Amino acid sequence: MTFSKLPNRPDLQAIKDVARETSQRRNLILGLIGNLSFCWSNNESMLIYLIMALLRTNETSAKIIFGTLNTTRARMDLVERLAAAHLTDETIKREIKRILRVFNDCTKVRNELIHCMFHIDQGGDITHTHSLRVQVQKGELQTVVTQDMDDARIRKMASTVKKLVKLNADLWAFLPVLDKHMRDLSHT
């Protein structure tokens, strides 16, 4: 077995010494990551209310189901399957699919930034990330996927935060529609 060479240890004191000079861009990046995490978490929690409405149950039961499913993917799959099983209105079905598609797209960006190692250069700038996810691309195992932390990536992060904010508003507007539909179904 061949062992990989460990990366060189960064000069942490030198980085600390110049960090104030490069803090503006770093704080922008860290602020975007914080906002992304905050908005994403609020939207994932909204799945509780979709589950509650689709199962016609109470909030406590929906939270138990949500907490028992320990991945976002499992929670989204449950919502998608419940919608397919219970909804009769095609417009409402399409809206749930759209909501889940947008949330899934945002989740990919969030996961890139929450499950990575950030590379900081000697000037204290965040220059790129190394994915910590093991994946197969073109039949080969890849353990390190590097992405630049350039202006395009920062714009993508900001755009994703905006999408999550809009999605949250969309969810709050959609919940009463879904709830009414499910109540109407229970009366037929």
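All values reported here derive from a predicted model rather than from experimental measurement.

A. Inspection of empty space enclosed by the protein at higher detail. In this structure the tally under the stated criterion is one cavity of 30 Å³ or more. As a volume, the largest cavity reaches approximately 30 Å³. Every residue along the wall of the largest cavity is listed here: N43, M46, L47, L50, I99, L100, F103 and L171. Listing elements by their share of the lining of the largest cavity, those giving two or more residues are helix 2 (23-55) and helix 5 (90-114). Of all the elements, helix 2 adds the most residues to the lining of the largest cavity, at four residues. A class-by-class count of the residues in the lining of the largest cavity yields seven nonpolar, one polar and no charged.

B. Fine view of the pattern of salt bridges. In total, this model carries eleven salt bridges according to the counting rule given. Of the charged contacts, one joins E90 and K93 as a salt bridge, the two residues approaching to 3.5 Å between their closest N and O atoms. Taken together, the residues span about one helical turn, with E90 and K93 both in helix 5 at a distance of three residues. When its relative accessible area of 43% is taken as the criterion, E90 is described as partly exposed.

C. Representation of the packing of aromatic side chains in the model. One pass over the structure, following the stated rule, counts two aromatic pairs. Measuring from centroid to centroid gives 5.6 Å for W40 and F103, while their planes differ by 15°, and the two rings are stacked. With W40 in helix 2 and F103 in helix 5, the pair connects residues that are 63 residues apart, well separated along the chain. With a relative accessible area of 5%, W40 lands in the buried category. When the ring of Y49 is compared with that of W172, the centres are 6.3 Å apart and the planes differ by 35°; the resulting orientation is tilted. Linking Y49 in helix 2 with W172 in helix 6 (residues 151-186), this pair joins segments that are 123 residues apart in sequence. Geometry around F66 places R75 over its ring, the cationic atom sitting 3.9 Å from the centre.

D. Spatial organisation of a nonpolar patch on the surface. A contiguous nonpolar patch, built from V134, V136 and L141 and spanning about 320 Å² of accessible area, is present on the exposed surface. One can find V134 in the loop between strand 2 (126-131) and strand 3 (135-137). The class for V134 is exposed, based on a relative accessible area of 53%.

Criteria and cut-off values
- Residues numbered from 1 in each chain as written.
- Predicted model: local features only at pLDDT ≥ 70, side-chain atom pairs only at ≥ 80, totals over all residues.
- Heavy atoms only, no water.
- 1 Å grid on protein atoms, 1.4 Å probe; cavity = no way out; pocket = protein on both sides within 12 Å on 5 of 7 lines; lining within 4 Å.
- Points joined across faces, edges and corners; volume = space filled by probe spheres on them.
- Helix = DSSP H or I, 4+ residues; strand = E, 2+ residues; numbered from the N terminus.
- Nonpolar A, V, L, I, M, F, W, Y, C, P; charged D, E, K, R; others polar.
- Salt bridge = Lys/Arg side-chain N within 4 Å of Asp/Glu carboxyl O.
- Buried < 20%, exposed > 50% of the residue type's maximum accessible area, 1.4 Å probe, protein only.
- Phe/Tyr/Trp six-rings, centres within 6.5 Å; stacked < 30°, edge-to-face > 60°.
- Lys NZ or Arg CZ within 6 Å of the ring centre and 35° of its normal.
- Patch = residues over 30% accessible without salt bridge, like charges linked within 9 Å, V, L, I, M, F, W, Y side chains within 5 Å.
- Areas by Shrake-Rupley, 256 points an atom, 1.4 Å probe, with all protein chains shown as cover.

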